[in-house]
Every structure is written in structure tokens, then in C-alpha cells.
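# Chain and residue survey
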Amino acid sequence: MGICFPFHIFLLLLLTLTNANLEGDALYALRRAVNDPDNVLQSWDPTLVDPCTWFHVTCDSQNRVTRLKNMLCSDLGNAKLSGKLVPELGKLERLQYLELYMNNLVGPISSELGFLKSLVSLDLYHNNLSGTIPPSLSNLSNLRILRLNGNRLTGRIPRELTKLANLKIIDVSDNDLCGYIPTSGTFSKFTEESFKNNQRLEGPELMGFVRYDAGGCN
């Protein structure tokens, strides 16, 4: 005699399995895109459906990925990872902490990270990331910490980031950014320490006197 589940429980199980597959696929895409000499991502096995069983992955009570750090606080910072960030990371809708600092990641910061609307902390400092800072990061309304220092980022600081009302810490120092530093919104409280060692940055924007898009950015 078979066991009958109420339909709503069946739908919940199906949704949980679907989310696990999507998030597992996203994390496995990252594993495939990076070189991992110490095998810290070895447990990220696509044949194990639930990524919540993988090392360095923390989930909530609904088995949705919230942090790339395990219960022993061993995160993916300084893990000797090299390679590129992948746009699939944008599928981790409940991710709150993305900590990949002090590795050797290259290439651009994926604009798809702007889909991570639960993100509280984005730590990508001390890598070799290049390209511009994606304006899509302004969609991260819960973001409190943004550290991109010590990379090879170019272009302007997106003015859209001034809309991040919860942002408490920003550090984009030691890059190759250009133009003027925005001073409106939350940026009014940040000191020049957050922007130092960008030789082509020409100092804070003076509202009413200097256009944000003025200044050399060629």
C-alpha cells in the first residue's frame, strides 16, 4: 500500500528540490570556472542534489544557500582559488555573504551579482579582477559591506551606488578608477580612505560645481 502525501506537501518538496538543483548548478559552475589546488571545493559534487551538504556552504531552514562559509567559519577567502566569477552566482537568491577575498580571481565582476538581493556583504578584495564596477550592484538594497579594494578595476564609481541606503562600509582603494568620487546619498559619510590609491580619481565631486561625468576617464 503506497503512502499518499497531501498535494501542498508534494509541491513544497518539488519546489525545494528545484531550488536545490538551481543553486547546486550555480555553485558547481563556479567550481568548474576556478582552479582549486587545495581541493577546498572537492565536496561540491553535482551528483549530490542538496548543496547544503557541501563544505563551505551554509543554508537556511528552507535549504536555500545563504553563505559560502561552513559551520567552522572556514570561508573561501585566501583559498588559493584562481579563475573567473561566473554569472550563475546570480541565481543564489538568498545568499547573504559572498566572501572570495584574497584569491587570484580575474576578469570582470559579473553584473548578475546584482540579482543577489539578500546580499549583506560582498568581499572580493585582493584579487586581480578587472573591468568596471557593475551599476547593477545598486540593486543590492540590503548590502552593508562592499569591499573591492586591491584589484585592477577601471572606470567610474557608479553613481547608482549612492542609493544603497544600508551601506556602512565601502572600500574601492588600490584600483585604477577614474573620474570624481560621488558625494550624494550614503557616500556623504565615507572618507577619502575608502577611495585612496586610485591615481586617476580626481577627488570628491562638488555638488553644483563639478559634473559627476567630468574628469578624465579615457
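Above this note sits the structure.
From a predicted model like this one, the values you see are computed outputs, not experimental measurements.

Applying the stated criterion across every chain, the model contains two disulfides. The residue that forms a disulfide with C52 is C59, at a sulfur-sulfur distance of 2.1 Å. The S-S bond linking C52 to C59 shows a torsion near -100°; that makes this disulfide left-handed. On the basis of relative accessible area, C52 is assigned to the partly exposed category, the value being 21%. We classify C59 as partly exposed; its relative accessible area is 21%. Put simply, C178 and C217 are joined by a disulfide, and their sulfur atoms are 1.8 Å apart.

Ordered by their spatial adjacency, seven strands build an open sheet running β1-β4-β6-β8-β10-β12-β13, and the pairing between neighbours is mixed. Each edge of the open sheet is held by one strand with a lone partner, namely β1 (34-35) and β13 (200-204). Bridging between strand β8 (residues 128-131) and strand β10 (residues 152-155) involves two bridges; their strand directions are parallel. Within the sheet, the bridge partner assigned to G131 lies in β10 and is L153.

All right, on to the pattern of salt bridges then. On inspection of all chains with the given rule, the structure shows eight salt bridges. Between K80 and D38 there is a salt bridge, with its nearest N and O atoms 3.6 Å apart. Highlighted residues: K80 in the loop between β3 (65-67) and β4 (82-84) and D38 in the loop between β1 and β2 (58-59), separated in sequence by 42 residues. Here R147 and D123 are joined by a salt bridge, their closest N and O atoms 2.6 Å apart. Within this pair, whereas R147 is found in strand β9 (residues 145-147), its partner D123 is found in strand β7 (residues 121-123), the two being separated by 24 residues in sequence. According to the relative accessible area criterion, R147 is partly exposed, its value standing at 26%. A single salt-bridge network, built from bridges that share partners, covers E23, R64 and E93.

Rules of the game
Numbering of residues starts from 1 in each chain and follows the order in which that chain's sequence is written. Residues qualify for local features only when their pLDDT is at least 70, as the model is predicted, and side-chain atom pairs are given and counted only at 80 or more; totals for whole chains, interfaces and linings, by contrast, use all residues. No hydrogens and no water enter the side-chain calculation; it runs on all heavy atoms of the structure. Count a disulfide wherever a pair of cysteine sulfur atoms falls within 2.5 Å. Throughout this description, buried means an accessible area under 20% of the type-specific maximum (1.4 Å probe, protein chains only), exposed means over 50%, and partly exposed covers the range between. Strand pairing is assigned whenever DSSP detects at least two bridges linking the two strands. Helix and strand definitions follow DSSP, with helices as H or I runs of at least four residues and strands as E runs of at least two, each counted in order from the N terminus. Definition used for salt bridges: Asp or Glu carboxyl oxygen within 4 Å of a side-chain nitrogen of Lys or Arg.

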